[in-house]
Amino acid sequence: MARAYSSIILKAPVETVWSLIRDFNGLPSWAPPIARSKIEGGLDPDVVGCVRSFYTHDGDHIRERLVALDDARCTFTYNFEKPAFPVRNYLATVRLYPVTHGDQTFAEWEASFDEGPGDEGKYEKIISKEVFGANFSNLAAIIAKTKPEKPAGAERWKGGQPNKIWTSRVIKSPVEKTWGMMRDFAGMGGWHDEITKMHMLKRARSDKVSGVRDFMFGQGHLNEELLHLSDLERSFSYRITKCDMPWMNYVSGARLWKVTADNSTFGVWTGDWTASALDDLTLIPGTEQNVYQRAFATLEKRLKGK
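Residues numbered from 1 in each chain as written. Predicted model: local features only at pLDDT ≥ 70, side-chain atom pairs only at ≥ 80, totals over all residues. Heavy atoms only, no water.

Peer 1: What exactly am I supposed to notice about the packing of helix α3 (residues 175-182) against helix α4 (residues 277-305) here?
Peer 2: Pairs of packed helices are described in terms of their axes, by the angle between the two and the distance that separates them. With their axes 11 Å apart at the nearest point, α3 and α4 run at an angle of 110° to one another. The orientation of α3 with respect to α4, classified from their angle, is roughly perpendicular. Note on packing geometry: the crossing formed by α3 with α4 is right-handed. Contacts from Lys-177, Thr-178, Met-181 and Met-182 in α3 reach Phe-296, Leu-299, Arg-302 and Leu-303 in α4. Of the residues assigned to the contact of α3 with α4, the class counts are five nonpolar, one polar and two charged. (Axes fitted to C-alpha atoms, helices over the stretch in contact; angles between N-to-C directions. Helix = DSSP H or I, 4+ residues; strand = E, 2+ residues; numbered from the N terminus. Parallel < 35°, antiparallel > 145°, perpendicular 65-115°, else oblique. Left-handed = near helix turned anticlockwise from the far one by under 90°. Contact = heavy atoms within 4.5 Å. Nonpolar A, V, L, I, M, F, W, Y, C, P; charged D, E, K, R; others polar.)

Peer 1: Honestly, the sheet that holds strand β3 (residues 51-56) in this entry has me stumped. Any pointers?
Peer 2: Here we have seven strands laid out as an open sheet, ordered β1-β7-β6-β5-β4-β3-β2, and antiparallel in their pairing. In this open sheet, the two strands that pair with only one neighbour each are β1 (2-10) and β2 (34-39). Each neighbouring strand pair of the sheet contributes to a mean axis angle of 20°, computed without reference to strand direction. Packing against the sheet, helix α2 (residues 122-146) makes contact with β1, β5 (75-82), β6 (87-99) and β7 (104-115), and its axis sits at approximately 15° to β1. (Pairing = 2+ DSSP bridges.)

Peer 1: Looking at this structure, how should I read the pairing of strand β13 (residues 248-259)?
Peer 2: One face of the sheet, then the other: side chains in a regular strand alternate in exactly this way. Two strands pair when backbone bridges link them, and strand β12 (residues 235-242) and β13 are joined in this way by five bridges, in the antiparallel orientation. Counted as the bridge partner of Tyr-238 is Ser-252 from β13. A loop of five residues connects β12 with β13, the two strands running antiparallel in sequence. Taken together, the ten bridges between β13 and strand β14 (residues 264-274) define a ladder with antiparallel strand orientation. Along β14, the bridge assignment pairs Lys-258 with Thr-265. Connecting β13 to the next strand, β14, in antiparallel fashion are four residues, including Asn-263 with a positive phi near 60°.

Laid out in structure tokens, this is it:
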């Protein structure tokens, strides 16, 4: 199974970008190779199951079926009904995520498919760079030139924000280098300037799931247990087991993505807990800015210094 992938940071809010790409019949407006397109059967382009029939400027005819559309998470998935390339079992997905630091958008486009004998790797490269990457670059140019406005009444999280805190940032460092430092569960004291004396209890390895880190955050003393660690997704999560803060059931985690357009990193950090509404007035903004965003910022600073 081959996988094509491309990602980019687009300099517009996610609501704006979603309004530009949501139309399943709208490829000619932002994908230069596409000459014309129509939805078969007169269906609306947001009817799941509809088929778009389009032609490239070279005269190639392609048909693709919309198999999933999600306005709450700004993502859609489609397959080939009449392939653009000699591949099988093609399934592609476009996803958008808000970059909360700077109000921009992280966009990723991926596809899985089977290549024929002798074609191993060929169409993976072509689709990644000449289709996904090139179309994303053109979309970025359109946004830079036209500076589209956010649609009136647009909602960022239809159906509710997925976590009590969902915050993100672009880190100007390759994702492999960023993850290499961030995956060390006992290493945060080396790049977050409020954290000191961090170490693993019982001399556990810092990549041991169930291991507990002990540290000081300012004057506060905390213990946190590693719940999961994934080198595949470049993600981890943890829970607080000892803390003086007025919350319960605190669970947090981070995940990193590669930005292929410029070899930087897109990072998301989330947090959930139980606390009174009054306490959350200070806990939510304080945790987002002083813990998660500060961690991303000081991590980037440390990476640039290495």
